[in-house]
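Notes for the structure review
Single-letter residue listing:
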Amino acid sequence: MDTQQDVTVKSWDGTWTYHPRVRVTPESVDDLVEIMTDTVRFPTPVRPAGSMHSTARMNGDDEGGTMVDMKAMNRILHFSEDTVTVEPGVTHDELTRALKARGLQPYITTEIGNTTIAAFACAATKDSSFPGGFGQVSSYVTAVRLVTPQGEIREISEADNPKEMQFLRSSYGLFGLIFEVTIKVRPTTAMSMRHYSMTLESFRKFFPVYKARGYAVMYYIFPYAKRVVVELRKDNPEVEPKSRLQWAYRNRFWRKYAPAVTLWIDKNVTNRKWHARAQDFFFYTLRQLMVWFVRSERSWPHAQIINYPRNPGKTKYLFSMWSFREENFFDILEDYCDFCIFHESQTGFRCNLPSVGYAICRDCEALLSYTWEGPGMSIDPASTGGPEWEEFLLSYNAFCSERGGTPLFNQTPFLNREMARRAFGPRLQQFAARRQELDPDGRLLDQHFRELLS
Ligand SMILES: Cc1cc2nc3c(=O)[nH]c(=O)nc-3n(C[C@H](O)[C@H](O)[C@H](O)COP(=O)(O)OP(=O)(O)OC[C@H]3O[C@@H](n4cnc5c(N)ncnc54)[C@H](O)[C@@H]3O)c2cc1C
């Protein structure tokens, strides 16, 4: 296996920097056992890394330890009628392509294609839920095999040990190095999708109707205009899937063109009043484009997926995410718009991309699920980054925590222990206690998680 000493590794966009003593790229289970048991060559903490697309710090301490790059273990192992078993480094995009070729699809097709399946299995995910389904991808994971902190091979499955699966689905690489994941899949079904632009009041009024009609509801939030564009998706089994171009245009836009245009405005329109006007006009145009062009009755579900390239330069799409109970959401959404406007008036900073959000079903399959207590709706501010964005996120975290929001450890940067404790309560203690039982020497525990769980 490839081993490098004292390297500098950055997350996909450069937000997080790591200086592990060793960075290792295992290719087999034997390699993983060796990494876990040889504490001299592979110093503690051992932290697994997928494609490093988490927006929060996930892959180790600033200095020292071992970063285990799991991407070389990336074979699709076998299919059954309704499951697929893969190695940990297979990405969501690779998996969905292989499924498509067999007339299959995942239950949840998150927008991001880069995420590795092991990360899906043990970390939080977001995508608007189809009624009757689970909220998060990990809930469709039926079994995993991993190498424990003691270097033993262990299998955990929903059939044999549902309680342990609940822990595992929120384990963030703290229970072991996952080397095999089995996940449920289903036949490919065409999907209809539409976008509607509306005021916050209309969204509040129509949301129950969308739910009653069985739509998966995602939304773009334009806080400075106090408007949303609602995306409604639904299975359409009556027709064969055909179209994908609408998604392709949308994806290209979010990945590249929207950040590029907004950065152009930031750079070239320096007068505050005209800057705000230029951005408002751009967002207005975006809303019209989405409503008129991103629509189809028979799209391929796989076509929603976006690959975000490593080292994207300035044109990157960054976000954070907190979820709220559905019943309080619409008041909080109004507060959020006021919060953004107030923050701008105090600091001059505006989020230069629309925020997004997802309506997510209740899901108790993962212990640290953000919809444990009931269906949730999220608010995910987005931007092309920078120091002022990070300042904004610190205030946003406080805003959400005060309003009973729940974060995602992998998708909410700059969390502190108090926020985690407030959001997860006794579940955090349960998780910490189980982690301590499985890894009493802290072989996999870095400083970030030590603080969050202490
Ligand atoms: C631009 C952008 C768009 C995004 N869009 C979405 C979206 O639409 N939906 C969504 O859900 N998420 C989205 N995300 C977030 C992303 O999917 C998650 O943060 C995901 O966890 C990242 O996976 P990764 O493979 O990069 O893993 P990493 O970030 O490297 O790691 C995530 C966690 O998994 C653990 N891990 C990784 N491999 C293993 C292993 N083999 N064994 C044990 N533990 C392991 C790591 O230790 C870590 O705790 C987006 C992120 C970006 C940057």
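Higher on the page you've got the structure.
Keep in mind that this is a model prediction, so the values were computed, not measured.

The rules behind these values
Residues numbered from 1 in each chain as written. Predicted model: local features only at pLDDT ≥ 70, side-chain atom pairs only at ≥ 80, totals over all residues. Helix = DSSP H or I, 4+ residues; strand = E, 2+ residues; numbered from the N terminus. Rg over C-alpha atoms; globule rule 2.2 N^0.38 Å. Buried ≥ 20, exposed ≤ 12 C-beta atoms within 10 Å, placed from the backbone. Contact = placed C-beta atoms within 7 Å. Near = placed C-beta within 6 Å. Nonpolar A, V, L, I, M, F, W, Y, C, P; charged D, E, K, R; others polar. Axes fitted to C-alpha atoms, helices over the stretch in contact; angles between N-to-C directions. Parallel < 35°, antiparallel > 145°, perpendicular 65-115°, else oblique.

1. Things to note about the overall build of the protein chain
- From N to C terminus, the protein chain includes 12 helices and 21 strands.
- Over its C-alpha trace the protein chain gives a radius of gyration of 21 Å, about what one expects of a compact globule, namely 22 Å for 454 residues.
- Each principal axis of the C-alpha distribution contributes one length, and for the protein chain these read about 60 × 50 × 40 Å.
- Burial statistics for the protein chain: of 454 residues in total, 48% are counted as buried.
- Sequence separation of at least 24 residues holds for 72% of the intrachain contacts in the protein chain that already meet a minimum separation of 6.

2. Remarks on the site of the ligand
- Near the ligand there are 34 residues, and of these Gly-50, Ser-54, Ala-119, Thr-125 and Gly-173 occur at the shortest range.
- For the shell around the ligand, the secondary structure elements donating two or more residues are β5 (46-49), α3 (117-122) and β12 (177-187).
- Its residues assigned to classes, the shell around the ligand shows 17 nonpolar, 13 polar and 4 charged.

3. Describing the packing of helix α6 (residues 245-268) against helix α7 (residues 272-293)
- The N-to-C vectors of α6 and α7 enclose an angle of 175 degrees; their axes lie 11 Å apart at closest approach. The angle between α6 and α7 falls in the class roughly antiparallel. Along the contact surface, α6 presents Gln-246, Tyr-249, Val-261, Thr-262 and Ile-265, while α7 presents His-275, Ala-278, Gln-279, Phe-282 and Phe-293.
- Among the residues making up the contact of α6 with α7, the classes are represented as 6 nonpolar, 4 polar and no charged.

4. Brief notes about the environment of Ala-118
- Relative to the helices and strands, Ala-118 is located in helix α3.
- When neighbours within four sequence positions are excluded, Ala-118 is seen to be in contact with Gly-50, Met-70, Pro-88, Ile-178 and Val-181.

5. A few points about the environment of Thr-189
- Relative to the elements of secondary structure, Thr-189 occurs in the loop between β12 and β13 (191-199).
- Through-space distance from the C-alpha of Thr-189 to that of Asn-161 is 31 Å; in sequence the pair is 28 residues apart.
- When neighbours within four sequence positions are excluded, Thr-189 is seen to be in contact with Asp-235 and Pro-237.

6. Considering unusual backbone geometry
- Thr-44 connects to Pro-45 through a cis peptide bond whose omega is 0 degrees.
- Relative to the helices and strands, Pro-45 resides in the loop between α1 (29-37) and β5.
- The phi angle at Asp-6 is positive, at roughly 45 degrees, despite the residue not being glycine.
- Here Asp-6 is to be found in the loop between β1 (2-5) and β2 (9-10).
- Exposure remark for Asp-6: the 11 C-beta atoms within 10 Å place this residue in the exposed category.
- Despite not being glycine, Phe-414 has its phi angle at roughly 65 degrees, a positive value.
- Along the chain, the position of Phe-414 falls in the loop between β21 (406-407) and α10 (417-424).
- By C-beta crowding, Phe-414 is classed as partly exposed, having 16 other C-beta atoms within 10 Å.

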